[in-house]
Amino acid sequence: MGERCCAAVVRVLVLQAAWALSGGQVRYSVPEEAKAGTVVGRLAQDLGLEAGEAEARRLRLVAPGRRASVEVSGASGALLVSSRLDREELCGKSAPCALRLEVLLERPLRVFHVQLEVTDINDNAPVFPAARKNLSIAELSVPGSRFPLEGASDADIGANAQLTYTLSPSEYFTLDVKSPDENRKSLFLVLVKSLDRETIPVHRLVLTATDGGRPSLTGTMELVISVVDANDNAPQFEQSVYKVQIEENATEGTIILRVNATDPDEGINKDFSYSLLSSIPIGNRELFAIDKRTGEIRLKGVLDFEDVRLHELQIEATDKGSPSLSGHCSVELEVVDVNDNAPEVWVTSLSVPVPEDASLGTVVALLSVSDRDSGENGRVRCWVWPASPFGLEATFAGSYSLVLREALDRERVSEYEVEVRAEDGGAPALRASRGLRVPVSDVNDNAPSFAQAVYTVLARENNAAGAELARLWARDPDEAANGRVSYSVWDGGMGVGGGGGAAGSSSGVGWRPASSYVSVDAESGRLWALQPLDYEELQVLQFEVRAVDAGEPPLSGNATVQLFVLDENDNAPALLPPAGSAAEAGGVAAAEAAVALAGAGSESGTLWAWAAWGAPAGQVVAKIRAVDADSGYNAWLRYELWEPRGKGPFRVGLYSGEVSTARALDEADGPRQRLLIVVRDHGEPARSATATLSVSLLEAAEAALAAGSSSSSLAAVSRSAAGVELGAGAASAATNVWLVVAICAVSSLFLLAVVLYGASRWAPRAAVLSAPGPTTLVCASEVGSWSYSQRHSRSLCVADGAAKSDLMVFSPNFPPPPPAPAAKDTQPEPSALLDTVSGTALFASCSFLFRVLSPALG
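Thresholds applied
Residues numbered from 1 in each chain as written. Predicted model: local features only at pLDDT ≥ 70, side-chain atom pairs only at ≥ 80, totals over all residues. Heavy atoms only, no water. Helix = DSSP H or I, 4+ residues; strand = E, 2+ residues; numbered from the N terminus. Buried < 20%, exposed > 50% of the residue type's maximum accessible area, 1.4 Å probe, protein only. Contact = heavy atoms within 4.5 Å. Areas by Shrake-Rupley, 256 points an atom, 1.4 Å probe, with all protein chains shown as cover. Core = buried A, V, L, I, M, F, W, Y, C linked by side-chain atoms within 4.5 Å. Phe/Tyr/Trp six-rings, centres within 6.5 Å; stacked < 30°, edge-to-face > 60°. Lys NZ or Arg CZ within 6 Å of the ring centre and 35° of its normal. Pairing = 2+ DSSP bridges. Axes fitted to C-alpha atoms, helices over the stretch in contact; angles between N-to-C directions. Patch = residues over 30% accessible without salt bridge, like charges linked within 9 Å, V, L, I, M, F, W, Y side chains within 5 Å. Salt bridge = Lys/Arg side-chain N within 4 Å of Asp/Glu carboxyl O. Lys, Arg positive; Asp, Glu negative; His and termini not counted. Charge placed at Lys NZ, Arg CZ, Asp CG, Glu CD. Polar contact = N/O pair within 3.5 Å; in protein donor to acceptor, adjacent residues only side chain to side chain.

Let's talk about the overall build of the protein
Now for step 1: Regarding its fold elements, the protein presents nine helices and 56 strands.
Now for step 2: Per-residue burial over the protein gives 41% buried out of 858 residues.
Now for step 3: Look at the contacts in the protein between residues 6 or more apart in sequence, and 68% of them connect residues 24 or more apart.
Now for step 4: Split by element, the accessible area of the protein, about 44200 Å² in all, is 54% carbon and sulfur.

Take a look at the structure:
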């Protein structure tokens, strides 16, 4: 029966739903609580779609922002209820309750707006805030007294929410309803007859609320009215004044006293509670609390004998009668003193910072010490902790001075944390302390100090002007201006010179101030080169750098700087004049004279020599002598025959410069041979010089005659510009023996050097030239050998005894930059020779060859 009624209602609503396509919107209406599957409207038909078109064009519903509770049937295109519709849940008290839906239709895409109104039905009964309401009314209440009541509420709207109220019959009470407006009503319970608690102690009534729906729904609330007995007796305390003592160190929660009162009334009029009305002094009420039921007074705060020695409390006992009655009493609380106050230390004056040169007895601070306790508890003694240069002196009662008792040193201790401790005479004793921060101000009592007394600096020659050579640093433990250091080069008597010496050395360079070569940055201590350095002019520059602080008066410190200039290959080899004297016998002297004359002739740059036809292979015809102003490898020369190339009749010694016959000479070699000899050093890049030697081939007698005629003029041309020396006629048998022995010995040593060199290349290699050590010098001879010396200087050795300065390799205070790798087809760098054991062995073998050949070569 119910289902048929619902179907009839839906059909009526559908017939009444007039769809309106103006603006693309359709309106439907459906009652709340409609069952799932209920047809709300034929949406496809109302949108003008043909049968089956709704499914083909995918007619579907979009409900933005909320659950729609409705859906579109894909087959029929009808709008159906899909889930429970609750108007109160969807819209609350809002009316009307309209849901806005969007309907999409594809091919082509169209959007229709559907408005679904959910109508209200009377499905909610009135509800009171509580099922029971308890009221207490004094039996002395007069008739006409009004007592407000809370009304009921109905979740429905409209007529379904219009409420009327009725009260169950009673001769003592009636209901008065006021309606300020149609949506709000005020309820009052009105007393119409005097109450008698002894006759009816409790009245029970029922308040009913009925809504205006069809059918109507109701809600009820039970009113339980208790008649309160009249109160005519006040509580009485056992004592009007209570006196008690308590120590000031009593802990929170301590029970101080329990007061007691009685009430002769009955029932609720007999029940009473305790309360704390006031306290003297005013404001200390928060220190105490009283139990409302038992009358126990407890300590809630901290007592202080020094602040308040006596507290007076007013206690009240109030019964629960109506009207309530009360009784009163007072409590006098005496506080007993204990040692609960620690001494207090205050700094009244502080004079900081203290200069580190302050005299003994200087007053640093004034202190005040007090204790709020009395007697022994208030007697205080003070001292300084920990042990420090400061002490306490008592000036008068409770006042002390912090004075200086020992000398200060800011560089040792720049700040003191001083603690002044105080202790009273109580039992147990209490202590207090006050910390003081006493900084020490600086005075200029420390001179700048360099990390090293002597700095060794290595610099390559031909450096750019302004290049940084080193960085010096001096430490001054003072602070601020006293520790701000400035640097300068001091020319006080220091000079420079060549060959590792000072001013006035054999190089011919006179005394020059160091400031003409280098400069030091006043702030950073960086050492700069003012001009390019020339090793041939200057090998060692020794000077002092002074560091001066900005204190008053200023203090200074010095450091010695030894600047060693490292040689670069910037000088080409130069030919030397012939060496020897007229006392030399044989063809050598004659050849030298002939060469000298040729050098002085009109044919500039051409040297002359003579050789006899039939001279055997290996006979020395002449000797090219040259020297290089550089040092070390850069001055190690080698001689090459540039022209004629191929298998000519002459050859030149690679390192001796001796021009000798490569084979026996004959008349087919012609009357004259022109040789172009190139002299190269071992620098990187290598530099060279050329010499042209013209060798005339003569008969043996003519060669002897030419040698004899040239010996007479040897003294006049002994210092000419040419640099060629004729060799001996024929090597003696003794010389050949020495040469064979020397070659065998050198070959053995060279093989050992190669083995050691290979082992050192693969072994872990420690850094060299990175720590102080003895000075090591290298000397090169005309045959390319090397030797070591432990002296402070050594000259470059040449055959005729002429000397020049050599490269000095020092062990600096810090490692130099790593050398660039040498090319595979070049000779090893001098640094590589000095770095390994194999290099040492090679130098020793070359030196041995030089010592063996020196007697043989004369």
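A short note on the nonpolar core
Now for step 1: Counting residues in each nonpolar core, the largest one holds 28 residues, and the members touching the most others are Phe450, Val518, Phe543 and Leu563.
Now for step 2: Those elements giving two or more residues to this core turn out to be β33 (454-460), β34 (468-471), β36 (485-490), β38 (518-520), β39 (526-529), β40 (540-549) and β41 (556-566).

Here we look at the side chain of aspartate 154
Now for step 1: Looking at the element boundaries, aspartate 154 is found in the loop between β9 (146-149) and β10 (164-167).
Now for step 2: Relative accessible area serves as the criterion here: at 6%, aspartate 154 is assigned to the buried category.
Now for step 3: Ignoring sequence-local partners within four residues, the contact set of aspartate 154 consists of Lys93, Asn124, Ala125, Pro126, Asn160, Ala161, Leu163 and Asp211.

Quick word on the packing of aromatic side chains
Now for step 1: As enumerated under the stated definition, the model contains eight aromatic pairs in all.
Now for step 2: Ring geometry for phenylalanine 272 versus tyrosine 274: centroids 5.5 Å apart, planes at 85°, classification edge-to-face. No difference in accessibility class separates phenylalanine 272 from tyrosine 274, as the two residues are buried.
Now for step 3: Ring centres of phenylalanine 450 and tyrosine 487 lie 6.2 Å apart, and the angle between their planes is 55°; this geometry places the pair in the tilted category. With phenylalanine 450 in strand β32 (residues 449-450) and tyrosine 487 in strand β36, this pair connects stretches of sequence that are 37 residues apart. When sorted by exposure, phenylalanine 450 lands in the same class as tyrosine 487, which is buried.
Now for step 4: Of the aromatic side chains, those joined through ring pairs into one cluster are Phe237, Phe272 and Tyr274.
Now for step 5: Lying across the ring of phenylalanine 188, arginine 146 places its NZ or CZ 4.5 Å from the centre.
Now for step 6: The ring of tryptophan 490 is capped by arginine 546, whose NZ or CZ atom sits 4.4 Å from the centre of that ring.

Some remarks on the environment of alanine 34
Now for step 1: Its place among the elements puts alanine 34 in the loop between β1 (25-31) and β2 (39-41).
Now for step 2: Remark: the alpha-carbon pair of alanine 34 and arginine 84, spanning 50 residues in sequence, is separated by 7.0 Å.

Describing the sheet that holds strand β16 (residues 241-247)
Whenever strands of a sheet pair, they do so through backbone hydrogen bonds, lying parallel or antiparallel.
Now for step 1: Sheet architecture is open: four strands sit in the order β16-β23-β22-β19, paired in mixed fashion. Strand pairing shows two members of the sheet lacking a second neighbour, β16 and β19 (272-280), which therefore form its edges. With strand direction ignored, the average angle separating the axes of adjacent strands in the sheet is 25°.
Now for step 2: By the bridge criterion, seven bridges tie β16 to strand β23 (residues 326-336) in an arrangement that is parallel. If you follow lysine 243 over to β23, its bridge partner there is glutamate 332.

Looking at the environment of serine 414
Now for step 1: Along the chain, serine 414 falls in the loop between β29 (399-404) and β30 (415-424).
Now for step 2: Residue serine 414 is classed as partly exposed on the basis of its relative accessible area, which comes to 40%.
Now for step 3: With sequence-adjacent residues up to four places away left out, serine 414 is seen in contact with Pro439 and Val440.

A few points about unusual backbone geometry
Now for step 1: The omega torsion across isoleucine 280 and proline 281 is 5°, close enough to zero to call that bond cis.
Now for step 2: Counting through the fold element by element, proline 281 comes out in the loop between β19 and β20 (288-290).
Now for step 3: Of the consecutive residues glutamate 552 and proline 553, the connecting peptide bond is found in the cis state with omega at 0°.
Now for step 4: Tracing the chain through its elements places proline 553 in the loop between β40 and β41.
Now for step 5: In this structure, asparagine 462 takes a positive phi of about 65° despite not being glycine.

A closer look at a negative patch on the surface
Now for step 1: Together, Asp666, Glu667, Glu699 and Glu702 line one region of the surface with negative charge.
Now for step 2: As for its placement among the helices and strands, glutamate 702 is situated in helix α6 (residues 700-711).

Here's the deal with the sheet that holds β29
Now for step 1: Spatial ordering of the open sheet is given by β24-β26-β29-β28, a layout of four strands whose pairing is antiparallel. The open sheet has two edge strands with one neighbour each: β24 (344-350) and β28 (390-396). Adjacent strand axes in the sheet meet at a mean angle of 30°, parallel and antiparallel pairs treated alike.
Now for step 2: Bridge count between β24 and strand β26 (residues 363-370): six bridges; the pairing is antiparallel. Within the sheet, the bridge partner assigned to valine 345 lies in β26 and is valine 369.

Re a nonpolar patch on the surface
Now for step 1: On the surface, Val347, Leu350 and Val352 cluster together into a nonpolar patch covering about 190 Å² of accessible area.
Now for step 2: Position of valine 347 among the secondary structure elements: in strand β24.
Now for step 3: The partly exposed category is assigned to valine 347, whose relative accessible area is 31%.

Quick notes on the pairing of strand β44 (residues 620-624)
Walk down a regular strand and you will see the side chains alternate between the two sheet faces.
Now for step 1: In terms of burial, β44 is a largely internal element, five of the five residues being buried.
Now for step 2: Judged from the three bridges that link them, β44 and strand β48 (residues 658-661) form a sheet pairing that is antiparallel. Following the sheet pairing, valine 620 is matched in β48 by serine 660.

Considering the pattern of salt bridges
Now for step 1: On inspection of all chains with the given rule, the structure shows 23 salt bridges.
Now for step 2: Between glutamate 376 and arginine 379 there is a salt bridge, and its shortest N-O distance comes to 2.8 Å.
Now for step 3: In this structure, arginine 674 and glutamate 643 form a salt bridge, with 3.9 Å as the shortest nitrogen-oxygen distance. Taken together, the residues span a long stretch of sequence, with arginine 674 in strand β49 (residues 672-681) and glutamate 643 in strand β46 (residues 637-643) at a distance of 31 residues.

Regarding the environment of valine 540
Now for step 1: Along the chain, valine 540 turns up in strand β40.
Now for step 2: The exposure class of valine 540 is buried, given its relative accessible area of 9%.

As for the side chain of glutamate 248
Now for step 1: Looking at where glutamate 248 falls in the secondary structure, it is placed in the loop between β16 and β17 (255-258).
Now for step 2: For the buried glutamate 248, which has no salt bridge, the nearest side chain bearing the opposite charge is arginine 372, at an N-O separation of 7.9 Å.
Now for step 3: Within the structure, glutamate 248 has its side chain in polar contact with the backbone nitrogen of phenylalanine 305 (distance 2.6 Å).
Now for step 4: Once you skip the residues sitting within four places of it in the chain, glutamate 248 turns out to touch Leu303, Asp304, Phe305, Glu306, Val335, Val336, Asp337, Val338 and Asp340.

Any link to function would need more than the numbers given here.
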